[in-house]
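Architecture at a glance
Each chain is listed here by its residues.
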Amino acid sequence: LSFAAGSTDVPGGDTEPRFSVSYDQEMARGSLSASLQRSVPVDDAGDVQGNLRGAIDVNYVLTSASQLGIAVSFTDIEDVTGSGVSERQRASIGATFEQALAQDWTLSVGAEHRFLDDAGSRRRDNAVFVNIGRSFTFRP
């Protein structure tokens, strides 16, 4: 578990909070990772955004050759000072199944649902994927 907190002075004399929290847990048959972060970037023109990001990743080992992963994430960008920064919200949820094939070959199959709200314009989409990959190890 880790935690950090602070604040950012923004134009106009206000102070905006910023923080980061993350948690990682190894389990007997997998792992869990969760994070939440708020940053407050200020650009050269003095425009200020509040960026809130969060994610949860769970990996579960099914057999010695296969595993299942589930991931959820979101991002919320807000206009802190009313300077016209485009406000956006983005979220996704996905699942991936990985199976070891022959030596050094892996099959990944998964699906993801994504949501985007960009200044009132809303979009949703789905993605399905199949990947076959091979790993290489180079030794000097």
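Residues numbered from 1 in each chain as written. Predicted model: local features only at pLDDT ≥ 70, side-chain atom pairs only at ≥ 80, totals over all residues. Heavy atoms only, no water.

**A few points about the overall build of the chain**
Each helix and strand counted, the chain has zero helices and eight strands in total. For the chain, the sequential pattern of α-helices and β-strands runs β-β-β-β-β-β-β-β. The C-alpha radius of gyration computed for the chain amounts to 20 Å, which surpasses the reference 14 Å derived for 140 residues by more than 25%, pointing to a less compact arrangement than a globule. Judged by the C-alpha coordinates and their principal axes, the chain covers about 60 × 35 × 35 Å. Looking at the chain as a whole, 19% of its 140 residues qualify as buried. Taking as baseline every contact in the chain between residues at least 6 positions apart, the subset at least 24 positions apart corresponds to 35%. For the chain, the computed accessible surface area is about 9,500 Å², with 54% contributed by carbon and sulfur atoms. When the 12 positive and 19 negative side-chain charges of the chain are each reduced to one mean point, those points stand 9 Å apart. (Helix = DSSP H or I, 4+ residues; strand = E, 2+ residues; numbered from the N terminus. Rg over C-alpha atoms; globule rule 2.2 N^0.38 Å. Buried < 20%, exposed > 50% of the residue type's maximum accessible area, 1.4 Å probe, protein only. Contact = heavy atoms within 4.5 Å. Areas by Shrake-Rupley, 256 points an atom, 1.4 Å probe, with all protein chains shown as cover. Lys, Arg positive; Asp, Glu negative; His and termini not counted. Charge placed at Lys NZ, Arg CZ, Asp CG, Glu CD.)

**Some words on the pairing of strand 1 (residues 2-9)**
By the bridge criterion, eight bridges tie strand 1 to strand 2 (residues 15-27) in an arrangement that is antiparallel. Along strand 2, the bridge assignment pairs alanine 5 with phenylalanine 19. Once strand 1 ends, the chain turns through five residues before running back antiparallel as strand 2, passing glycine 12 with a positive phi of about 100 degrees. (Pairing = 2+ DSSP bridges.)

**So, unusual backbone geometry**
The residue aspartate 104 is not glycine, and still its phi comes out positive at about 70 degrees. For aspartate 104, the location among the structural elements is in the loop between strand 6 (88-100) and strand 7 (105-118). By relative accessible area, aspartate 104 is classed as partly exposed at 36%.

**Focus: the environment of serine 64**
Counting through the fold element by element, serine 64 comes out in the loop between strand 4 (49-63) and strand 5 (66-79). A relative accessible area of 84% means that serine 64 is categorised as exposed. C-alpha of serine 64 to C-alpha of aspartate 117: the two residues are 53 residues apart in sequence and 40 Å apart in space.

**Notes on the pattern of salt bridges**
Scanning the model with the defined rule gives six salt bridges in all. The partner of aspartate 104 in a salt bridge is arginine 134, and the shortest N-O contact between them spans 3.8 Å. Linking aspartate 104 in the loop between strand 6 and strand 7 with arginine 134 in strand 8 (residues 121-134), this pair joins segments that are 30 residues apart in sequence. Overall, arginine 134 belongs to the partly exposed group, its relative accessible area being 36%. (Salt bridge = Lys/Arg side-chain N within 4 Å of Asp/Glu carboxyl O.)

**Things to note about the sheet that holds strand 6**
In spatial order, the strands read 1-2-3-4-5-6-7-8; together these eight strands make up an open sheet with antiparallel pairing. Sheet topology places strand 1 and strand 8 at the edges, where each strand pairs with a single neighbour. On average, each strand axis in the sheet is inclined to that of its neighbour by 10 degrees, with strand direction left out of account. By the bridge criterion, 14 bridges tie strand 4 to strand 5 in an arrangement that is antiparallel. Opposite isoleucine 56, over in strand 5, you have valine 72 as the bridge partner. (Axes fitted to C-alpha atoms, helices over the stretch in contact; angles between N-to-C directions.)

**So, a nonpolar patch on the surface**
A contiguous nonpolar patch, built from Ile56, Tyr60, Leu62, Leu68, Ile70, Val72 and Ile93 and spanning about 550 Å² of accessible area, is present on the exposed surface. When residues of the nonpolar patch are traced back to their parent elements, those giving at least two are strand 4 and strand 5. Among the structural elements, valine 72 can be located in strand 5. (Patch = residues over 30% accessible without salt bridge, like charges linked within 9 Å, V, L, I, M, F, W, Y side chains within 5 Å.)

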